[in-house]
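# Descriptive analysis of the structure
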Amino acid sequence: MDMQNDFAAAGGSLHVDGGEEIVDGVNAEIAAATEAGSPVYYTQDWHPPSTPHFVTEGGPWPPHCVRDTPGAAFHPGVTIAGEVIRKGVDGADGYSGFSVRDPQSGARSSTVLGERLAAGSVASVVVVGLAGDYCVLETALDARAQGLDVVVPLALTRFVERTEGDRERAVARMREAGVRTPS
């Protein structure tokens with residue numbers, strides 16, 4: 001999930017503490033999946049320069065992952081070995097890899113991720129990356145809602161934790177939905 005410079009690199013506009021620390025572990029998970037013949041999908045925030053998602057236009061977040069900028073690029077240490085699912089491309093809130101939400105109406109629409117997994121008869125997913133209390137959480141919950149078995153290795157995700165306790169609340173929500181969260 002979203003192993004992009006604005007999140008994973010020190011100095012990124014929405015840097016997630018410790019994001020750069022999980023790159024090697026994420027790469028090991030990618031290698032294991034690839035060696036097992038499993039598909040690997042990457043999510044990538046790909047926002048337009050102007051979106052209600054940004055604080056500059058009334059949203060909750062600083063401008064980040066603006067398409068075609070260095071901040072939107074994947075962290076240079078991450079191995080790319082599969083399809084990239086872009087989210088937020090039209091200004092929608094792209095928290096989940098499975099769906100996006102119109103920031104004004106709340107209307108949801110699907111990305112292609114669900115179709116890709118169904119076409120490949122995928123029954124279980126491992127979700128790693130950034131950020132555990134937003135994009136990882138929403139993707140894991142959407143995957144469970146689609147009937148998938150979901151594992152979120154906590155050692156391979158980091159949390160924004162805008163408010164103290166966000167990490168614990170996110171992990172609890174995942175567990176309540178049936179997501180396995182090994183340390």
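In the block above lies the structure referred to throughout.
Let me begin by describing the structure that accompanies this report.

Turning our attention to the overall build of the chain. A count of helical and extended segments in the chain gives 5 helices and 8 strands. Along its sequence from the N terminus, the chain presents helices and strands in the succession α-α-β-β-β-β-α-β-β-α-β-β-α. Here the C-alpha atoms of the chain give a radius of gyration of 15 Å, agreeing with the 16 Å that 2.2 N^0.38 yields for 183 residues. A principal-axis box enclosing the C-alpha atoms of the chain has dimensions of 45 × 35 × 35 Å. The burial tally for the chain puts 49% of its 183 residues in the buried class. Taken as two groups, the 14 positive and 25 negative side-chain charges of the chain have centres that lie 4 Å from each other.

This next bit is on unusual backbone geometry. In this model, Leu130 is joined to Ala131 through a cis peptide bond whose omega is -10°. The phi dihedral of Asp2 is positive, around 50°, even though this residue is not glycine. As for its placement among the helices and strands, Asp2 is situated in the segment before α1 (5-8). On the basis of relative accessible area, Asp2 is assigned to the buried category, the value being 1%. The phi torsion at Cys65 lies on the positive side, around 50°, for a residue other than glycine.

A few words now on the packing of aromatic side chains. According to the stated counting rule, one finds 3 aromatic pairs in the structure shown. Ring plane angle 70° and centroid distance 6.0 Å describe the contact between Tyr42 and Phe74, whose orientation is recorded as edge-to-face. Taken together, the residues span a long stretch of sequence, with Tyr42 in strand β1 (residues 41-45) and Phe74 in the loop between β1 and β2 (83-87) at a distance of 32 residues. Pair check on accessibility: Tyr42 and Phe74 agree, each one buried. Aromatic rings pair up to connect Trp61, Tyr95 and Tyr134 into one cluster. Here the guanidinium or amino end of Arg86 rests over the ring plane of Trp46, the centre of that ring lying 3.6 Å away. Directly above the ring of Trp61 sits Arg162, whose terminal nitrogen or CZ lies 4.2 Å from the centroid.

Our next topic: the nonpolar core. Within the largest apolar cluster, 44 residues are counted, with the highest numbers of intra-cluster contacts made by Met3, Leu130, Val150 and Val152. If you list the elements that add at least two residues to this core, you get α1, α2 (23-35), α3 (113-119), α4 (135-145) and α5 (166-176). With 6 residues, α4 is the single largest residue contributor to this core. When near neighbours in sequence (up to four residues on either side) are disregarded, Met3 contacts Ala8, Gly19, Ile22, Val23, Val26, Phe74, His75, Val78, Gly129 and Leu130.

Conventions adopted
Residues numbered from 1 in each chain as written. Predicted model: local features only at pLDDT ≥ 70, side-chain atom pairs only at ≥ 80, totals over all residues. Heavy atoms only, no water. Helix = DSSP H or I, 4+ residues; strand = E, 2+ residues; numbered from the N terminus. Rg over C-alpha atoms; globule rule 2.2 N^0.38 Å. Buried < 20%, exposed > 50% of the residue type's maximum accessible area, 1.4 Å probe, protein only. Lys, Arg positive; Asp, Glu negative; His and termini not counted. Charge placed at Lys NZ, Arg CZ, Asp CG, Glu CD. Phe/Tyr/Trp six-rings, centres within 6.5 Å; stacked < 30°, edge-to-face > 60°. Lys NZ or Arg CZ within 6 Å of the ring centre and 35° of its normal. Core = buried A, V, L, I, M, F, W, Y, C linked by side-chain atoms within 4.5 Å. Contact = heavy atoms within 4.5 Å.

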